[in-house]
Amino acid sequence: MKKVCISLFMFLILALCMPTKVLAAKKHNKNISGISAYYSENQLHTFVQLKNGYNGTNTKAVQMSDDTIISEKATPVFLTESKSSVRYLLMVDLSGSVKEHIDEINVFTESLMNSVKQDSLFSVASFGENFKLVAENFTDKKAVSDTLRGLEYSEQLTDPYTGIINALKYLDNCPRRSGDIVNLIVISDGQPDLGYKDKEKEKAAEKKLASKVAKLIKHTPEVVVHTLVFSQKKSTAFNSISVGTGISQVVKNNKSSKRTGKKIASFINRLYKVTFSLQEITKKDGMPVKLLFQKYNSEDGNIDMCTVSWNYVPILKTFFSKDIPNKDDPSSSSESKGDDDKKQDNIEDEKAVENDKSIVSDKYSKFLIFIKDNKVWLFVIIIAAVVLIICIIFIVVLKKKAAKKQKVENIQNAICMKLQVISGKCKTSKMEFYLTNQIIIGSDSKCDLVWKDTGVSACNSRIFIQNNEIYIEDLNSTNGTVLNGMRLHAANRLRSGDEITVGTSRFVLWF
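Residues numbered from 1 in each chain as written. Predicted model: local features only at pLDDT ≥ 70, side-chain atom pairs only at ≥ 80, totals over all residues. Heavy atoms only, no water.

Next up on the list: the sheet that holds strand β14 (residues 303–313). Spatially, β4-β3-β13-β14 is the arrangement adopted by the four strands of the open sheet, whose pairing is antiparallel. Of all strands in the sheet, those with a lone pairing partner are β4 (68–69) and β14, marking the two edges. Of the pairings in the sheet, the one linking strand β3 (residues 59–65) to β4 comprises two bridges and is antiparallel in character. Residue Met64 lies in a different strand from β4, and its bridge partner there is Ile69. (Pairing = 2+ DSSP bridges. Helix = DSSP H or I, 4+ residues; strand = E, 2+ residues; numbered from the N terminus.)

Another point: the side chain of Lys273. Tracing the sequence through the fold places Lys273 in strand β12 (residues 272–277). Buried charged residue Lys273 carries no salt bridge. Nearest counter-charge: Asp180, at 6.2 Å. Among the polar contacts made by the side chain of Lys273, one reaches the side chain of Ser84 at a distance of 2.5 Å. Here the side chain of Lys273 touches Gly179 through a polar contact of 3.2 Å, landing on its backbone oxygen. (Buried < 20%, exposed > 50% of the residue type's maximum accessible area, 1.4 Å probe, protein only. Lys, Arg positive; Asp, Glu negative; His and termini not counted. Salt bridge = Lys/Arg side-chain N within 4 Å of Asp/Glu carboxyl O. Polar contact = N/O pair within 3.5 Å; in protein donor to acceptor, adjacent residues only side chain to side chain.)

So, about the nonpolar core. For soluble globular proteins, the rule of thumb is that nonpolar side chains tend to be buried together. Ranked by size, the top nonpolar core spans 39 residues in total, and within it Tyr88 and Leu112 carry the most contacts. Broken down by element, the residue count for this core peaks at five residues, all from helix α2 (residues 102–115). Residues within four places of Tyr88 in sequence aside, it is in contact with Leu112, Val116, Ser120, Leu121, Phe122, Ser123, Asn183, Ile185, Ile264, Ala265 and Ile268. In terms of nonpolar packing, the next biggest core, distinct from the first, is built from 26 residues, Ala125, Leu168, Tyr170 and Leu216 among them. (Core = buried A, V, L, I, M, F, W, Y, C linked by side-chain atoms within 4.5 Å. Contact = heavy atoms within 4.5 Å.)

Looking now at the confidence of the model for the protein chain. Regions with low pLDDT carry predicted coordinates that are not meant to be interpreted in detail. On average, residues of the protein chain score 80 in pLDDT, and 77% of them reach the 70 mark or higher. Taken as a whole, residues 15–28 scores under 50 in pLDDT and shows twelve contacts with residues more than four places along the chain or in a different chain. This model gives residues 321–366 a pLDDT under 50, and the stretch forms 55 contacts once residues within four places in sequence are excluded. (pLDDT = per-residue confidence, 0-100.)

Let us now look at the sheet that holds strand β2 (residues 43–50). On the basis of which strands lie adjacent, the open sheet formed by four strands has the order β1-β2-β12-β5 and antiparallel pairing. Two strands lie at the open edges of the sheet, namely β1 (32–40) and β5 (77–78), each paired on one side alone. The pairing of β5 with β12 spans two bridges and is antiparallel. Bridge pairing links Phe78 to Tyr272 in β12.

Now for the packing of aromatic side chains. Per the counting criterion, the structure on display carries five aromatic pairs. On the numbers, 4.4 Å between centres and 20° between planes, the contact of Phe78 with Tyr272 is stacked. Remark: Tyr272 occurs in strand β12 and Phe78 occurs in strand β5; sequence separation between them is 194 residues. Looking at Phe78, the relative accessible area reads 27%, which means it is partly exposed. Centre to centre, the rings of Phe464 and Tyr471 are 5.9 Å apart; their planes meet at 20°, and the pair counts as stacked. On the accessibility criterion, Phe464 (6% relative accessible area) is buried. Between the NZ or CZ atom of Lys295 and the centre of the ring of Tyr54, over which it lies, the distance is 4.8 Å. In this structure, Arg462 packs its charged tip against the face of Phe464, placed 4.0 Å from the ring centre. (Phe/Tyr/Trp six-rings, centres within 6.5 Å; stacked < 30°, edge-to-face > 60°. Lys NZ or Arg CZ within 6 Å of the ring centre and 35° of its normal.)

Tracing the backbone through its elements, the reader meets Gln420 in strand β15 (residues 415–423). Residue Gln420 is classed as partly exposed on the basis of its relative accessible area, which comes to 37%. In sequence terms Gln420 and Gly497 are 77 residues apart; their C-alpha atoms lie 9.2 Å from each other. Once you skip the residues sitting within four places of it in the chain, Gln420 turns out to touch Phe507, Val508 and Trp510. Within the structure, the side chain of Gln420 is placed 2.7 Å from the side chain of Trp510, a separation counted as a polar contact.

Next comes the structure, spelled out in structure tokens:
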């Protein structure tokens, strides 16, 4: 039975490992990386990185559902060559410690704006204890720099997690053109302060918020999230939330700030846009998307293929077909912002509930995808798990029955003994016990009869059964064992009522 259970356990481990490898292989793709995706106006817009020879001239993409093609082939187009524009929301930490990095923030922003190669709009937001939209839809570099320099870095508390949640809410409700790509850049020193006096409570709250934000970022593929940290040491906070598909960078000086600005702009510039026209979007909620990319090799005439997928792609309805007017005047932005803030406040609670529901929906959709892609292995795992559980229950029941049977047999074959103390102090509380195999007498707490007597050795003597007779013998103790006034030098038969002396303690066993 033991060998069978071990074999079943090993089989279950192998069954669990094999589908895990399959899933990992599906997610890991060296040739193509999915950066952003969303549905809008009966179109699917995806933004990807192509590597290893895949490009817009030799590559075609098709949308698939359960490995079945459901749309015509689409050609990847460089984002810089498309009609799409790029939107950036710079969300700046307003804690006092960030004030010393104002120059680095401006160097980064100027480098970013100088490096973009397509129409771009820049908005500025801040966070400390609360998220606040400062200005939006700038195209002028000086206007952005002036806005950043005008920020007051005086916040006592710093909550980047709630800031990111509210920034994603704002971007979700912000009007934009269909086909544009949106970026959120979180700028901070990476040292949150949620205001808890108890450090343990602070850590627990931060861990919970970090986990929530990480799930939300993964559940928002329509926004590319970048993190920019000004720090000389590692930031556990931003390590936990740097799970977006964008650039996550630690910046230490103006030189690295400039380099990071170019890096983010270059990252976006090199993206390919793949758009699919759909007849109708029937689902109200987001849905999984899987794309198959085919690369034609002119040298050998072969076709290479690889896939990229998103577990959840939302359907966005907050798009306008017309161009968005630029707002390079900070004053005009703040005036028009009043009504937007009121609307944002009114829907904040409602959107929070919707986000929580969407995260649950994401988990459910991932579970459904796993079932669809791994039906055979899932069935094997379930069967193996059921068999293993049944075997474990069976073994436990057998062991309990065997132990109970052994206990009954021991009691039936045991001899009941009653202890009568004549002198000395016996630490064993029981005055009645059973002799089944042997009884050890001594001063050690592990003995069956324990005596509080300095003259008694740790294991002084023992009483045992041999040939259906009861014997007592000394265990090479310091002061020996005396039976009815005679010191024992070998095992001697013990009768009911015999007086036993160990150290200065005397007692009688009746049986």
